[in-house]
Amino acid sequence: MSSTTSSAPASSSPASSNPARRVPRPQELASSQKLMVFVLSMVLFGLANILTEVLPEFRVGPVELSVSYLAFVPVVMVSLFHPLYAALGAPLGEIIFVDLLMGNFSGVGELEGYIQLALGLYIGGSLVRDPARRWQVAVAAMVAVLIDKGVGGAVDILKVVVGVEDLESVQGLPESILALEGVAFASDFLISGIIFGAIPAAYLAPRLHGKIEPLMGMAPRDPRVPLPGRARQTAGFIGLAVVLFIASGLFAFLEYVDIELGLWEPDFLEQYGMSFLWVSVAACAVVLVTVVLLARRSAHRRRLEADHAPAAPATEAARTTTTGV
Amino acid sequence: MPAVIEVRDLTFRYPGAEVDSLVGVDLTIERGDFVAVVGGNGSGKTTLCKTFNGLIPHFWSGEMLGSVHVGGTDTHESSVAALSHQVGYVYQDFGNQLVRPTVRDDVAFGPINFGLTDHAERTEQAMAQLGIEHLASTFVWQLSGGQEHLTALAGVLAMRPEVIVVDEPVAELDPVRAEETYRMLAQVNAEQGTTIVVIEHHAEFIARYARSVVLMAQGAPRWHLPVREALSRAEELAEHGIPAPQVVQAVQALAPEAPVPLTVEEAVTALAGSGVLTGSGVVTGSSAPAEPRATSSRGPAVARLEGVTHGYRDVHGHLSTVLDDLSLTLHEGERIAVVGSNGAGKSTLLRLLTGLDVPRVGEVEVEGISTRSTSAARLADHVCYLYQHPEQMFLQDSVRQDIAMFPQQRRRPGTAELVEEILDRLRLREVADRDGRTLSGGQQRRATLGIALAMTPALLLLDEPTSSLDVGTRRDVTAMLAALAERIRCVAVATHDMHLVAEWASRVVVLHGGRVLADTTPAELFDDPDLMAAVHLVPPQVSVLGRALGIHPPPLSVAELTARVTQPVAAGVR
Amino acid sequence: MARKQRDVMSVEWVKLELLRTAYATRGGLLSRRDPRIVLGWYLVFAVVPWLTHNITTLAVLFGLTAVAVLVSRVGPLILGLFVIGLVLESTYLLLLAWLFDGDITTVLSLVTLTLKLGTISLASMAAFVSLDPEKLSDALISLRAPALLSFGVSYGYRMLPILMTEFHTIVNGFRLRSAPLERRGILGWRAVVRLSTTLVQAFYPMMLNTAKRTRTTVEALETRGFTFAGESRLGRDLRLAYLRVGAADVVLLVVTLVLVAAAFVTGAQVPLFAQAR
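Please read these numbers as outputs of a predicted model, since none were measured by experiment.

Peer 1: Could you give me a rundown of the overall build of chain A, with the residues and numbers involved?
Peer 2: On a plain count of helices and strands, chain A comes out with 11 helices and zero strands. Along chain A, from the amino end to the carboxyl end, the secondary structure elements read α-α-α-α-α-α-α-α-α-α-α. For chain A, with 325 residues in total, the buried portion stands at 47%.

See the structure below:
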């Protein structure tokens, strides 16, 4: 036995001589808890996607009227838990459970979808200050779907609008694309954003708030203690992110038009399919990175401020915060 | 023996919690010991054990005071990864501990992650040691509970730790499987000198396998004693929800001065030595069991299965036969225990009675209604089925709403009064507004019984109602079941719990290979060791003791045993 | 109508089909190949269709992947969903084009698009159906995907059957404990509403139960060295030691490339509808 190596700090009254070794911050997550949020979000949204995929009852009429996803599941996750990790986990669940498992993987397109949904969820979740308030959660759901589906659709329409001026060779197709995108967007927003988004999320989140967190050994989100790492610093920030996002799509498109104007062909659909995808993925990635960096920077700044605040003895501070919860 | 775990002045509080979970714990566990940690719910058993492998404070970053040394290393200076070479942990919900698709892959997960080059050898050895080599390429979701537990244990063994912590192995396993786990643990303990720590409240297992016992109460050890001494404090243990084994109770009642027995054999010796026994073991069966439960005149039929054959298709497309041309009638006023080994078809039988499934061949009728002719939702007016895992029954956000759900949805008159009455009857009023999942094990069972009562079915089916309950709570549930009789025409329970069978059932249906192997009473079942062995069941200790003393039919409770061992006669038996 | 035990088109069947797909229990040509080669094989068919507008070439590619799907023994559920999706999509696009006075060029451009998307879908079906979760996650590790992704794959597949069983149980609980529907309503709208609300409500217990599971799993991951493996290379090398590209793998890739080249040659020789442009 090598117990001699440790100078057994046993005897003396530890409370005074050996202060608390770990001082928890109730709203700050350990890396393990981040993993937990990530995994939970992934698994639940994966399951939800399998359901939308295999339940034929949900295919009402043409494809565009189907439920594209059960948005309420990840929205509840980002409302209750740390928005960033929940937002990163959910779209991965979709990729793993549906796209890989069911052999429905569409390559690079998945990446674009991942980034769009993750960004939408992250911003939506960051809007929620108090998950017990139904409106906040409902707005989060709508914002998430709006960003995920709406921006993509809007950019698509823009593409066609610009494209039509240069192209009259195919009768009907541009309009059909316009109509298709319009219908898709409207129905997606109505079905995924409202019926399977805002309404169920607003119903579930307040019921789960305060119940699900202790099961995972976490403190519930407290409206008085802002979460570190959430995107919500100012209202302007969100606006900026959205504008950036749209702009990125627009820029990507203009760039494309510039290159491709001369060789516009009737089957332009697949023509710009791949190249446009690449560009928009890159643009999305740039925006996402910018958003995360901004959020981190402001969180860092706030933490610095907090550290400069007069510090009570560590244990005391922790105990008061916890009892205050 | 040198200490392998040393805990000094340990106090811990979970983040966000109102009270300390551990308060000034001082504890030394010696290398090579087999320790049982016992204590009521919330006594800090599990929290204590999580300090051994560094999950506390590295994973759960609560407030921690004091120190824990494992093999001389201060856990605070170490990391979870480093400590996992020294301490292995098998969880109470061990199924969730398995993270890889196949058994071999899961067992190798730890060694591979830690970059141990002999991982293949370790994996094979761990599987061989527990006798699960044949499962190596099975998918983990295909395993039975017992196999899952052994896989989790193998994953821990492959790391070759100095200490293995097993959290409540009996909670999710049937007694035969738990016995197997214990045998394996004892073997590892004996062959490799691995220190074993089990959190356990089944005194019978403690008596037979543990060498020392730690009693936890209010976040600190009350005492740490050798097992025999610990079990002699029967009253103190009972206060903390751990009633003494039946042999201890019997011997203390009949021969208080005899040493505390740990096994049935020791109990026989103790009783023989103290001269309690009758001369030739002729404690007659004529002094009949305390209450005659066998229903000779059967009531009208409540449910009927006629020539039922049923089976499921597996992932490879093979059709397995679970029930094979089975016929059975359940009568009014009966308390039926359906027993049999895993896979004997108990759960399938219950599912067919609910109408969730219809049989491939044959007819199932409940109150004269064929399950083929109606939907399961309509049949729910007549039958209620309670799942093994209560959390699957909690669909609403409070116990009150869960109980009210069925009558409210079906617009039955008098729902409000009924719900209030049930809450009072099942002592659920204080927890009525909480979510079922946040309750203790016993409260959860009572809440599911409340759901059943509110459905006022003619036939109530329960799947393993006493699994994962401590002994005290189990009794509570058994008593509740007995009280149901006045409301419900017939109750059938699928169970491995022979104490429940002994104390509650009036009729036992033994399933084996998809057929009814025996249709009998508890006493007759326990008097037939061949039958019991054939279906992998272990009778309650008191019945085994009774038989060993020559009592036929064997007693079903300690009270019955003491009542029937009447005349103390001179020694000289066996 | 008397109820009967059904082996197909039931919830149980869907579950088993998904498991068969996920765990590649049916075997097949690609399932014996090195997983990285299978991913590469898939990538070929994911990229190549975008390089051409030649309908002949695309049709040949479509045919190739269709054969690959057959020899990979893709199950009826996945195939059925694919065919339904393909048919619905084509019908819908054609309908729209017709409504907006489209002519043959429109239809043709839509056919090329459908062929391209169909080829990619078929290739991904053949590839991912043939990869069991272990192989897939190991291939991802070896291709230096993030550790969370490869873990997510193996854990997701492992949890899938359990989650589906639990969800089914909970939905059954709702069915049994709520009132049966008296009328289905026009177009069964009551049934649709009931199904939707049940689906949403079922997520309440599902989320709580899954949260409980996740806690144990993540704790166990920590004690079993998952985080440690993310920081050290030792485990990675050990795990991937068995991955080896053999002669058969090379043959597969070569044959694939030759066939793809043949598709392009055929397209150049016999360009179908090329004059329509």
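Peer 1: Residue-level account of the overall build of chain C, with values.
Peer 2: Along its length, chain C carries 11 helices and zero strands. Starting at the N terminus and walking to the C terminus, you meet the elements of chain C as α-α-α-α-α-α-α-α-α-α-α. Counting every position in chain C, which comprises 277 residues, the buried fraction comes to 46%. Taking the intrachain contacts of chain C between residues at least 6 apart in sequence as the baseline, contacts between residues at least 24 apart amount to 82%.

Peer 1: Which residues make up the environment of tyrosine 91 of chain B, and what values go with them?
Peer 2: The topology assignment puts tyrosine 91 of chain B in the loop between strand 6 (87–90) and helix 4 (103–113). Classification of tyrosine 91 of chain B by C-beta neighbours within 10 Å gives buried; the count is 22. Separated by 75 residues in sequence, tyrosine 91 of chain B and valine 166 of chain B have C-alpha atoms that sit 6.4 Å apart. In this structure tyrosine 91 of chain B touches Asn96, Gln97 and Asp167 of chain B together with Thr216 and Ala220 of chain C, once residues within four positions along its chain are discounted.

Peer 1: Talk me through the confidence of the model for chain A; I want residue IDs and the actual numbers.
Peer 2: As a general rule, the predicted coordinates of low-pLDDT regions are not to be interpreted in detail. All names here are of chain A. Residue-level pLDDT values for chain A average 65, and 42% of them are 70 or greater. By mean pLDDT, the top-scoring element of chain A is helix 3 (residues 72–80) (93), and the lowest-scoring one is helix 11 (residues 314–324) (36). Ignoring residues within four places in sequence, the model shows residues 57–64, a span with pLDDT below 50, making 16 contacts including any to other chains. pLDDT under 50 marks residues 251–281. Its contacts with residues more than four places away, or in other chains, come to 44 contacts.

Peer 1: Could you give an account of the pairing of strand 9 (residues 212–217) of chain B, with specific residues and numbers?
Peer 2: Residue and element names in this part refer to chain B. Judged from the four bridges that link them, strand 3 (residues 34–38) and strand 9 form a sheet pairing that is parallel. Looking at the pairing, valine 38 lines up with leucine 215 of strand 9. Across six bridges, strand 9 lies against strand 10 (residues 220–226) in antiparallel orientation. What sits directly across from valine 213, in strand 10, is leucine 225.

Peer 1: Give a detailed account of the sheet that holds strand 8 (residues 195–199) of chain B, specifying residues and quantitative values.
Peer 2: All names here are of chain B. On the basis of which strands lie adjacent, the open sheet formed by six strands has the order 6-7-8-3-9-10 and mixed pairing. Among the strands making up the open sheet, the edge pair consists of strand 6 and strand 10. Strand after strand, the sheet turns through a mean of 20° between neighbouring axes, direction not considered. Relative to the sheet, helix 6 (residues 145–157) contacts strand 6 and strand 7 (163–167), its axis offset from that of strand 6 by approximately 170°.

Peer 1: Explain the domain arrangement of chain C residue by residue, including any values.
Peer 2: What the domain assignment lists for chain C is domain 1 (26–131 + 246–277) and domain 2 (146–244). Here the C-alpha centroids of domain 1 of chain C and domain 2 of chain C sit 32 Å apart.

Peer 1: Provide a residue-level description of the packing of helix 1 (residues 11–22) of chain C against helix 7 (residues 147–177) of chain C, including the pertinent values.
Peer 2: Residue and element names in this part refer to chain C. For the pair helix 1 and helix 7, interaxial distance at closest approach is 10 Å and the crossing angle is 175°. When the interaxial angle is binned, helix 1 and helix 7 end up roughly antiparallel. The residues of helix 7 that touch helix 1, namely those facing Val11, Lys15, Leu18, Leu19 and Ala22, are Tyr157, Leu160, Pro161, Met164 and His168.

Peer 1: Report on the environment of serine 78 of chain B, specifying residues and quantitative values.
Peer 2: Residue and element names in this part refer to chain B. With respect to the helices and strands, serine 78 occurs in the loop between strand 5 (73–74) and helix 3 (80–83). Taking the number of C-beta atoms within 10 Å as the measure of exposure, serine 78 has 19 and is therefore partly exposed. When the C-alpha positions of serine 78 and glycine 54 are compared, they lie 7.7 Å apart, and in sequence the two are 24 residues distant. Look past the residues within four positions of serine 78 in its chain and what remains in contact with it is Gly54, Thr73 and Leu83.

Peer 1: Just give me the short version of helix 4 (residues 83–100) of chain A, but keep the residues and values in it.
Peer 2: Helix length check: helix 4 of chain A, at 18 residues, gives a terminal C-alpha distance of 25 Å against a target of 26 Å (1.5 Å per residue), a fit within 8%. Of all 18 residues in helix 4 of chain A, 18 are buried, a share of seventy percent or more.

Peer 1: With reference to specific residues and values, describe the sheet that holds strand 2 (residues 22–30) of chain B.
Peer 2: All names here are of chain B. Overall, antiparallel pairing links the four strands, which are arranged 2-1-4-5 in an open sheet. Only two strands of the sheet have a single neighbouring strand rather than two, namely strand 2 and strand 5. In the sheet, strand 4 (residues 63–70) pairs with strand 5 via two bridges, with the strands oriented antiparallel. Paired with histidine 69 across the strands is aspartate 74, a residue of strand 5.

Peer 1: So what's going on with the nonpolar core? Residues and values would help.
Peer 2: Among the nonpolar cores identified, the biggest contains 323 residues, and Val75, Ala141 and Ala201 of chain A together with Leu461 of chain B are the most heavily contacted of them. Residues contacting alanine 141 of chain A, with those up to four places away along its chain left out, are Ala71, Phe72, Val75, Gly124, Gly193, Gly197, Ala198 and Ala201 of chain A.

Peer 1: An account of unusual backbone geometry is needed here, citing residue identities and associated values.
Peer 2: Keep in mind that most residues, glycine aside, have a negative phi and that most peptide bonds are trans. All names here are of chain B. Residue isoleucine 56 is joined to proline 57 through a cis peptide bond whose omega torsion reads 10°. Along the chain, proline 57 turns up in helix 2 (residues 55–59). Look at the link from histidine 552 to proline 553: it is a cis peptide, with omega at -15°. Inspection of the secondary structure assignment puts proline 553 in the loop between helix 22 (541–548) and helix 23 (558–564). Although it is not a glycine, aspartate 325 adopts a positive phi angle of roughly 50°.

Peer 1: Break down helix 16 (residues 415–425) of chain B for me, with residues and values.
Peer 2: All names here are of chain B. Every buried residue of helix 16 is accounted for by Val419, Ile422 and Leu423. Angularly, the buried residues of helix 16 cover 100° about the axis, an arc narrow enough to put them on a single face. Away from its buried face by more than 90 degrees, helix 16 exposes Glu417 and Asp424. Where helix 16 is buried, its residues touch helix 15 (399–409) and helix 17 (441–455). Phi for arginine 427, located one or two positions after helix 16, is positive at around 55°.

Peer 1: I'd like a rundown of the packing of helix 11 (residues 246–254) of chain B against helix 12 (residues 264–273) of chain B, residues and numbers included.
Peer 2: Residue and element names in this part refer to chain B. Running from N to C, helix 11 and helix 12 point in directions that differ by 5°, and their axes come no closer than 10 Å. Judged on the interaxial angle alone, helix 12 and helix 11 are roughly parallel. Judged by residue contacts, Val247, Ala250, Val251 and Leu254 of helix 11 engage Val264, Ala267, Ala270 and Leu271 from helix 12. The class makeup of the residues in the contact of helix 11 with helix 12 is eight nonpolar, no polar and no charged.

Peer 1: Outline the confidence of the model for chain C, supporting the account with residue identities and numerical values.
Peer 2: Mean pLDDT over chain C works out to 80, with 88% of the residues at or above the 70 mark. Confidence estimates for the predicted assembly give a pTM of 0.80 and an ipTM of 0.84.

Peer 1: Describe the environment of alanine 502 of chain B, naming the residues involved and giving the relevant values.
Peer 2: All names here are of chain B. Examined against the element boundaries, alanine 502 turns out to sit in helix 19 (residues 498–504). The class of alanine 502 is buried, set by 25 C-beta atoms lying within 10 Å. Taking the C-alpha atoms as reference, alanine 502 lies 5.8 Å from proline 522; in sequence the two are 20 residues apart. In this structure, alanine 502 is in contact with Pro522, Pro540, Ser543, Leu556 and Ser557, ignoring residues within four places of it in sequence.

Rules of the game
- Residues numbered from 1 in each chain as written.
- Chains lettered and ligands numbered in written order.
- Predicted model: local features only at pLDDT ≥ 70, side-chain atom pairs only at ≥ 80, totals over all residues.
- Helix = DSSP H or I, 4+ residues; strand = E, 2+ residues; numbered from the N terminus.
- Buried ≥ 20, exposed ≤ 12 C-beta atoms within 10 Å, placed from the backbone.
- Contact = placed C-beta atoms within 7 Å.
- pLDDT = per-residue confidence, 0-100.
- Pairing = 2+ DSSP bridges.
- Axes fitted to C-alpha atoms, helices over the stretch in contact; angles between N-to-C directions.
- Domains from an automatic or database assignment.
- Parallel < 35°, antiparallel > 145°, perpendicular 65-115°, else oblique.
- Expected span 1.5 Å × (residues − 1).
- Core = buried A, V, L, I, M, F, W, Y, C linked by C-beta atoms within 7 Å.
- Arc of directions from axis to C-beta.
- Nonpolar A, V, L, I, M, F, W, Y, C, P; charged D, E, K, R; others polar.

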